Every structure is written in C-alpha cells, then in structure tokens.
Amino acid sequence: MDLKAVYQGKKVFLTGHTGFKGAWLLQWLHMLGAQVKGYALAPEQEEDLYNLIQGDTLCESVIADLRDREKLEAEIVAFQPDFIFHLAAQPLVRLSYEIPADTFAINAIGTAYVLDAVRQLEKPCTIVLITTDKVYENKEWVYPYRETDRLGGYDPYSASKACAELVINSYVQSFFNPAAYEQHRKGIAVGRAGNVIGGGDWAKDRIIPDIVRALRNDVPVTVRNPKAVRPWQHVLEPLGGYLLLGAKLATEPIRYGGAWNFGPQAEDNKTVGEVVEAAISIWGSGSHVSPNLINQPHEAGLLKLDISKAISELRWLPKYTSHKAITETINWYKAFCSDKSEMSSYTTETIRQYSEL
C-alpha cells in the first residue's frame, strides 16, 4: 500500500512523540509528508532519539502531561487532526511497581482523556490507540494469544494497559459505535505490539539499552531472566503495522476497527539469553552474567502473539527475522558511538530501506 498517498498533507496528532517508538514514527510520518503535531513530556536525556533526529524541526511539539485533560483536549481540538496515533504511556513493567497509581492514571485515564477529546471533533478522524502484547491474561502457556483472548495483567503496567482497552471498548460502544459511524465518523482501532527493539532506546530495565550500556562501559551484561521467551521485533515492524492499519481504517472504518496483534513469526520468538548472545556477537565483544536475584518483581516467563489476523486481513507481514532485528538495532548503536551527529540521516536511511523491502 502506498502510505505516502494516504498521509501526505494530512494532519496527524501523535502522542508520545518524544519517546523511543514515537520518535521513530515521527521521522517516518515526516518522510511521508504528514503535518504532525506531537504531545508528550520532554525528552529525558540528551541522547534520546527525538533530540538526535531534531524532532522539533519535524513537528509542532507540545510538551505537556497526558493527565492534563484540558490542555490535551484544547490541543487536539485546535489542530483538527485527520489521524491520531496515541503512543504516550508509562511503558515500563518494573517502574510500574514503583509508581502503580501513576501508571494506571497515565495509561488508562490518559487514554480516556484522548477519547474524550475525540468526542469534541466534529470532523471525520481515524484513531489508532497503542497498547501492548501484555494486555492478555498471561497463563504462560505455549499457545500464542489471539485478539479475542481474555485480557488481564499481573503487574501494574500490564493491568493498566488492559484497563485502557476496557476504556477504549466502552468509548467505542457508547460514543463511536460502528453502527452509527455516519453520525460520529470516527474509526478506532487498537495496536498490540510485541517486545520492540531498535536504535535510540535508552530506557532503564529494557534488555537492549541494558546491553548497550554494559558493552559501552566494558562490563558484563546482567541478565535477569535469560530463559524468558518474548516476541521480539524491530521497532519499524509494529510502526509499519500501525501506519498500514491507520490507512485501511481511514477507508473502511468498520471493517478494520478493533484490536490487532503485531509481532514476529512464531519461529522468531527468542529467549532473553539468545538475544543477549546475538547482540554481543554483533557488537564484537562483551560477556554476560545471570546472578541469582531474589525478591525481584514478577515478570512473565513466556509470552507469544498470534499475528494471523494482521497477516490475513491487513496483508501485513514482518520484514525482518529476529536476527535481522537485533543486527539492525546493534548496528544503530555502533553508528551512534562512532558519530552521533549522523543519527538523523542514519535513522532516515533505515526507514527508507525498510519501506522498500
């Protein structure tokens, strides 16, 4: 599908534009010719991808809190977007144990605030709301989860995202019911992505940033759960899925509403240990250790996604194998360590090459 034909000249409201995934999506939308307005907290550090790609030059950037309901609504209504991509979130499992109430407020109530603002729009609008693969009630079985499986969540992060989905469902049924589309003219869908890796992620307690920090400092990588299995994918895989979903939703809002899984092929689910070993090999040096940690917050040991719905109905397919995803990711960090001033062009070229596959 020609994404440029869909997004060129369109107004796109992007929450979380200063974050890891948000900055990649901002760069991609800019390349597609979209007019972007971002809404997010300020970047946390100088090395954040948003700063490296000079994000302020790519969009109208609003630095504000998702929980500021009046500000959020005013910015959305003033912009009159054609599309909304809602990525802003508290995205870390381990941090959610430290700030559980804030996590629920940001992820669940923040999503309600976005949808409340959408209620004030009198024009047609296409909305893609991003949650996570962790919304499922994880029984840690070998079967991959489908979009119709039961939602749940052990840790506050996972539970907050499951709550966000309940919020979304309520708003869709109550205010944006597909049966009444001609009255409200709002197409709404949900994207659930697997474990995303890619250049420019510096978050604490994420495996790739932890690996890179250790390798840069020439110390062993500490691996908490080497046997945990996750649906690893390069950041461009789900972002491409979101853009494709938004494009199709804009043309057929009833058919393409609902939830969609984006993840790797089944054979590309890898353990944390396998990801660490591959990353060290690509980096060219380093080692790892797995200390016997006690009294650690619960983290799921097994999680797989069924992506057959996206494959059959969206015609979306992962373009990278897990090894290719790890290679692209580590090469980004190696390029960053060589010359960080070139990362805007490096990131742009990465998106261009991916788009042409």
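Below: a short report on this structure.

How each quantity is defined
Residues numbered from 1 in each chain as written. Predicted model: local features only at pLDDT ≥ 70, side-chain atom pairs only at ≥ 80, totals over all residues. Heavy atoms only, no water. Pairing = 2+ DSSP bridges. Helix = DSSP H or I, 4+ residues; strand = E, 2+ residues; numbered from the N terminus. Axes fitted to C-alpha atoms, helices over the stretch in contact; angles between N-to-C directions. Contact = heavy atoms within 4.5 Å. Expected span 1.5 Å × (residues − 1). Buried < 20%, exposed > 50% of the residue type's maximum accessible area, 1.4 Å probe, protein only. Salt bridge = Lys/Arg side-chain N within 4 Å of Asp/Glu carboxyl O.

As a further point, take the sheet that holds strand 6 (residues 186-193). The strands that make up a sheet pair up through hydrogen bonds in the backbone, lying either parallel or antiparallel. Taken in spatial order, the seven strands make up an open sheet running 3-2-1-4-5-6-11, and their pairing is parallel. Of all the strands in the sheet, just strand 3 (60-63) and strand 11 (258-262) have a single pairing partner and so form its edges. Taken pair by pair, the neighbouring strands of this sheet meet at an average axis angle of 15°, ignoring direction. Here strand 5 (residues 125-130) runs beside strand 6; their pairing, made up of six bridges, is parallel. Across the sheet, Ile127 pairs through a bridge with Ile188, a residue of strand 6. Where helix 2 (residues 20-31) meets the sheet, it contacts strand 1 (11-15), strand 2 (35-40), strand 4 (83-86), strand 5 and strand 6, and its direction lies at approximately 170° from that of strand 1. Seen against the sheet, helix 6 (residues 100-119) touches strand 4, strand 5 and strand 6 and runs at an angle of roughly 170° to strand 4.

As a further point, take helix 11 (residues 272-283). Its twelve residues place the ends of helix 11 16 Å apart at the C-alpha level, agreeing with the 16 Å of an ideal helix rising 1.5 Å per residue. Counting buried residues in helix 11 gives nine out of twelve residues, a clear majority hidden from the surface. Within helix 11 the residues assigned to the buried category are Val272, Gly273, Val275, Val276, Ala278, Ala279, Ile280, Ile282 and Trp283. Packed against the buried residues of helix 11 are helix 9 (207-216), strand 8 (221-222), strand 10 (232-234), strand 12 (270-271), strand 13 (288-289) and helix 13 (322-338). At the exit of helix 11 stands Gly284, carrying a positive phi of roughly 105°.

Note on pairing: side chains with opposite charge can pair once their charged atoms come close. With the rule as written, the count across this model stands at 22 salt bridges. Glu75 is paired through a salt bridge with Lys37; the nearest N and O atoms lie 2.6 Å apart. Linking Glu75 in helix 4 (residues 69-79) with Lys37 in strand 2, this pair joins segments that are 38 residues apart in sequence. Here Glu75 falls in the buried class, since its relative accessible area comes to 13%. Exposure remark for Lys37: the relative accessible area of 3% places this residue in the buried category. Its salt-bridge partner being Lys123, residue Asp82 comes within 2.8 Å of it at the nearest N-O pair. Here Asp82 is found in the loop between helix 4 and strand 4, whereas its partner Lys123 is found in the loop between helix 6 and strand 5, with 41 residues between them in sequence. On the accessibility criterion, Asp82 (22% relative accessible area) is partly exposed.

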